[in-house]
Amino acid sequence: MTNRSFSRARSALFGAAFVTSLLAVPAAPATAAAVTCGTVVTTSIKLTANLGPCAGDALIAGADNITIDLGGYTISGTGSGAGVRVAQRTGVTVTSGTIVGFHTGVVLDESTLSTVSKLALTGNIRGVNVAGSDDNLVEKNTIANSGLDAIRLGLSTDNIISKNVLTGNVFGIGVADRSTVNLIEKNVLRSTRGFGIAVFSDSDANLIEKNDVQGTVQGDGISVSPDSDLTSITKNIANLNGDDGIDTDNPRTTITENVANGNGDLGIEAVPGTTDGGGNLASGNGNPAQCVGVSCA
């Protein structure tokens, strides 16, 4: 099986497992809740007011299969802790509100089958941190002005990062520290100061697909480090980035049907041995070669 097929199969299996888990263990109905900073949440809740500023963690998931619904309200911090911390839990949903001013907006730590969705995460040091956590979904969030990554994966497998809008962060999406078989798809990144999407630190068999990465100020739109094997980079737009649109330093990478226009250096820079899946397009890049290591029309 090819890496692309393998990634899709694993993602499909996760999706089926995720839906099955929700059907098998119905979440308790949310209750309207007035909470204080540091509350350990043991049943589904929906906020009724803003919370904070909190000096440490604002809300901590204290049970499996619960929903923490911010109800459109704002949780604010003073630069430390997490807006919502989910540690060693399964099936937790965090949704529908704003989290601002924490070290990390939402932490998933050794947690599974959880969802982070429809949040506005602004001015945190890191937007979402997925650490040692598998089979989670991070989707449809807006993340802006993070001091580090908008979204960071470390030692995490089979997660889906989808349809997020990331603007003005120092780094975009980091797939790092032996994170494997994750799907990074349909995200929009604008005005990132460092890398847009980067795969590094022995992170293998990840699929980077249908993302729109534009305006990275100093770095590459999409990059793969020498130590990370079997990355598939497919059907992305990587335009107007400060260095290369797409840059892989690992020959066990497949690059297929991407568009890379108007970047500061090359549209696509790939080391010898990279698999050219065909259909890549590049024009108007700073380096007249346009692409190296794969063919570009």
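Here the structure is a predicted model, which is why all the values come from computation and not from measurement.

**So, the overall build of the chain**
Counting its secondary structure elements, the chain contains 1 helix and 33 strands. A burial count over the chain gives 52% of its 297 residues as buried. Looking at the chain alone, contacts between residues at least 24 apart form 40% of all its contacts between residues at least 6 apart. Approximately 10,900 Å² of the chain is accessible, and the part contributed by carbon and sulfur atoms is 55%.

**What to know about the side chain of Asn-136**
By secondary structure assignment, the location of Asn-136 is in the loop between β12 (126–131) and β13 (137–139). Only 3.2 Å separates the side chain of Asn-136 from the backbone nitrogen of Leu-113, close enough to count as a polar contact.

**Some thoughts on the sheet that holds β12**
Read across the open sheet, the 12 strands follow the order β2-β5-β8-β10-β12-β15-β18-β21-β24-β27-β30-β33; overall the sheet is parallel. Looking at strand neighbours, the two that pair on one side only are β2 (39–41) and β33 (291–292), the edges of this open sheet. Alignment of strand β10 (residues 104–109) against β12, held across 5 bridges, turns out to be parallel. Bridge pairing in β12 links Asp-109 to Ala-131.

**Overview of the packing of aromatic side chains**
Per the stated rule, a full pass over the model turns up 2 aromatic pairs. Between Phe-171 and Phe-195, the ring centres sit 4.8 Å apart and the planes meet at 25 degrees, which makes this aromatic pair stacked. Highlighted residues: Phe-171 in strand β18 (residues 171–176) and Phe-195 in the loop between β20 (188–190) and β21 (197–199), separated in sequence by 24 residues. Here a set of aromatic residues connected by ring pairs shows up, and it is made of Phe-171, Phe-195 and Phe-200.

**Describing the state of the cysteines**
What makes a disulfide is a covalent bond joining the sulfur atoms belonging to two cysteines. Going through the model one piece at a time under the given rule, you end up with 2 disulfides. Each disulfide pairs two cysteine sulfurs, and for Cys-37 the partner residue is Cys-54, the sulfurs being separated by 2.1 Å. The chirality of the disulfide connecting Cys-37 with Cys-54 is left-handed, given an S-S dihedral of about -75 degrees. Pair noted here: Cys-37 is in the loop between β1 (31–33) and β2 and Cys-54 is in strand β4 (residues 51–54), with a separation of 17 residues, a long-range link. The disulfide partner of Cys-291 is Cys-296, and the S-S distance across this bridge is 1.9 Å. Every disulfide takes its handedness from the sign of the S-S torsion; for Cys-291 and Cys-296 that torsion is -90 degrees, giving left-handed. Judged by relative accessible area, which is 24%, Cys-296 ranks as partly exposed. Numbered by position along the chain, the disulfide-linked cysteines of the chain connect as 1-2, 3-4.

So, how was this worked out
- Residues numbered from 1 in each chain as written.
- Predicted model: local features only at pLDDT ≥ 70, side-chain atom pairs only at ≥ 80, totals over all residues.
- Heavy atoms only, no water.
- Helix = DSSP H or I, 4+ residues; strand = E, 2+ residues; numbered from the N terminus.
- Buried < 20%, exposed > 50% of the residue type's maximum accessible area, 1.4 Å probe, protein only.
- Contact = heavy atoms within 4.5 Å.
- Areas by Shrake-Rupley, 256 points an atom, 1.4 Å probe, with all protein chains shown as cover.
- Polar contact = N/O pair within 3.5 Å; in protein donor to acceptor, adjacent residues only side chain to side chain.
- Pairing = 2+ DSSP bridges.
- Phe/Tyr/Trp six-rings, centres within 6.5 Å; stacked < 30°, edge-to-face > 60°.
- Disulfide = S-S within 2.5 Å.

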